[in-house]
Amino acid sequence: LATLEVQVTDADSSSEVPCRITIVDKLGALAPIYASPDQQLAVRPGVAYTRDGRATLGVQPGEYTVYATRGFEYGLAAETVSIQAGETRRLEWDLRREVPTPGLVSCDTHTHTFTHSRHGDATIEERVITLAGEAVEMPIATDHEFLADYAPAAQKTGAAKYFTPVIGCETTTAKGHFNSFPIAAGSRVPDLRILDWPRLMQAI
């Protein structure tokens, strides 16, 4: 393997910044990457989310384009690199917030974890890192028939300062799926077996 060491900081504050690292080959296909498990990353083929802007990633020798992004409000950094076996290349970038949104928050009202509803493939720890990396400021947890609270995982991974999680639920009935939020901690999960509309809405 060859090694890419990536460090991304906020252009205005020079501080660490959560982000998404994307690596594609010469054909634009997502490249296989390896990341040691001692890093706080969420990794899939060609993609690594990092909570602090740092990632050490193993790749096959070759030519790649590496991108750093952070959701819709930030700019994009990119560089094409050619790397040989045993070589280590360091990439350092600043990302700047390009879109001012005073008085607004970015929100995802429909998020899942494999941990709580076996939906998708992201553990709750990976999910909070991806949320921080995409600059989602208010994620709504909507696992199926489960009232998930992302706050403990956000604290554990160091992502808590980047967003305010809200407890919600996706109620999966035979008549359709319904997302509801906010839900107070300790509430009862709505009964998915209720098919009478007024009773179902009251349960939700």
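Calculation rules
- Residues numbered from 1 in each chain as written.
- Predicted model: local features only at pLDDT ≥ 70, side-chain atom pairs only at ≥ 80, totals over all residues.
- Heavy atoms only, no water.
- Helix = DSSP H or I, 4+ residues; strand = E, 2+ residues; numbered from the N terminus.
- Buried < 20%, exposed > 50% of the residue type's maximum accessible area, 1.4 Å probe, protein only.
- Contact = heavy atoms within 4.5 Å.
- Salt bridge = Lys/Arg side-chain N within 4 Å of Asp/Glu carboxyl O.

### Some remarks on the environment of Ala 122
- Within the secondary structure layout, Ala 122 lies in the loop between helix H1 (114-117) and helix H2 (124-133).
- A relative accessible area of 6% places Ala 122 in the buried class.
- Separated by 95 residues in sequence, Ala 122 and Leu 27 have C-alpha atoms that sit 27 Å apart.
- Not counting residues within four places of it along the chain, the set of residues in contact with Ala 122 comprises Arg 44, Thr 113, Phe 114, Thr 115 and Arg 127.

### A word on the pattern of salt bridges
- By the definition in use, this model includes 11 salt bridges.
- Residue Arg 90 is joined to Glu 5 by a salt bridge in which the shortest nitrogen-to-oxygen separation is 3.5 Å. Residue Arg 90 is found in strand S8 (residues 88-95), and its partner Glu 5 is found in strand S1 (residues 2-10); the two are separated by 85 residues along the sequence.
- You can call Arg 90 partly exposed: its relative accessible area is 44%.

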